[in-house]
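Residue strings, one per chain:
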Amino acid sequence: MDKVISFIQPSRSNLKYLKWSYHSIRKNLGYRHEICWADDFSDDGTWEWMNDIKEKDPNVKIHRNEGPARLGHTILYDTLVDIATNDIVMIYHADMYACPKMDEYVLKYLERGKVVSATRIEPPLHPDGPEKILKDFGIEPEEFDEQGLLKFVREFTKAKNGRDITNGIFAPWAIYKDDFLAIGGHDPLYAPQSKEDSDIFNRFVLAGYDLIQTWRGFVY
């Protein structure tokens, strides 16, 4: 795999999930990828932990909103894209667990002019939809059934014949950084969050970008 990703992860007082997410990326995807974190004025030790990890992991970049007002991830996504050093960025939630080879399946389809999403497996906290798989492997990191999830992914991937990709875009999604910048990034009008996805997804469509979802690369 000759391409590498800069993972874009803002977080606000979400430390236990961010730790869980970080370790999944490093364990299952390796240390070549860059991780870019923004601490949105957290009060749970997030900034101190980020600094500690950065001392040990050369492929981590960190930024902090000094507050006191929250900026939200609409703004901080774009801040982190600006400091990312790789050609490819992935908008990646701070509570996502990266399954093995997720990066390989996303990068397999990624080219300029395309946006590629991994498929979410998630517990039944939100309504079901055709873009995800509802399956409960735990909600809190301390109750996470990692081996159960990995077994499910292996079996699902093996049984999946002829439906490698569909059209769609959902987090987490990857794009070439220059394509992201060409579209203008996220609109701060929609800060701090919740409507920014619909806006930027519509602008991708209007600009003619291909939207691809891989059904072999997964996050939980």
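Residues numbered from 1 in each chain as written. Predicted model: local features only at pLDDT ≥ 70, side-chain atom pairs only at ≥ 80, totals over all residues. Heavy atoms only, no water.

**Looking at the layout of surface pockets**
There is about 900 Å³ of room inside the largest pocket. Together, 33 residues line the largest pocket, and His 93, Ala 94, Asp 95, Met 96 and His 126 are the ones closest to its centre. Taken together, the elements giving at least two residues each to the lining of the largest pocket come down to strand E1 (5–11), helix H1 (15–28), helix H3 (73–83), strand E5 (114–122) and helix H7 (196–206). Taken together, the residues of the lining of the largest pocket sort by class into 15 nonpolar, nine polar and nine charged. Computed from the structure, the second largest pocket encloses a volume of approximately 170 Å³. Forming the boundary of the second largest pocket are Pro 100, Lys 101, Tyr 105, Leu 150, Val 153, Arg 154, Thr 157 and Arg 216. It is helix H5 (residues 146–159) that contributes the most residues to the lining of the second largest pocket, four residues altogether. Residues belonging to the lining of the second largest pocket are distributed by class as follows: four nonpolar, one polar and three charged. (1 Å grid on protein atoms, 1.4 Å probe; cavity = no way out; pocket = protein on both sides within 12 Å on 5 of 7 lines; lining within 4 Å. Points joined across faces, edges and corners; volume = space filled by probe spheres on them. Helix = DSSP H or I, 4+ residues; strand = E, 2+ residues; numbered from the N terminus. Nonpolar A, V, L, I, M, F, W, Y, C, P; charged D, E, K, R; others polar.)

**Some details on unusual backbone geometry**
Omega for the peptide link from Gly 67 to Pro 68 comes to 5 degrees, which places this bond in the cis form. Structurally, the position occupied by Pro 68 is in the loop between strand E3 (60–65) and H3. At the junction of Ala 171 and Pro 172, the peptide bond is cis and its omega measures out at 0 degrees in the coordinates. With respect to the helices, strands and loops of the structure, Pro 172 is situated in the loop between strand E7 (165–167) and strand E8 (173–176). For Phe 41, which is not glycine, the phi dihedral falls at a positive 55 degrees. With respect to the helices, strands and loops of the structure, Phe 41 is situated in the loop between strand E2 (34–40) and helix H2 (46–56).

**A closer look at the pattern of salt bridges**
Per the counting criterion, the structure on display carries 16 salt bridges. Across the pair Lys 27 and Glu 146 runs a salt bridge, and its minimum N-O distance is 2.5 Å. On the criterion of sequence distance, the pair formed by Lys 27 in helix H1 and Glu 146 in helix H5 is long-range, its members being 119 residues apart. When the shortest N-O distance is used, the salt bridge between Asp 39 and Arg 64 registers 3.1 Å. (Salt bridge = Lys/Arg side-chain N within 4 Å of Asp/Glu carboxyl O.)

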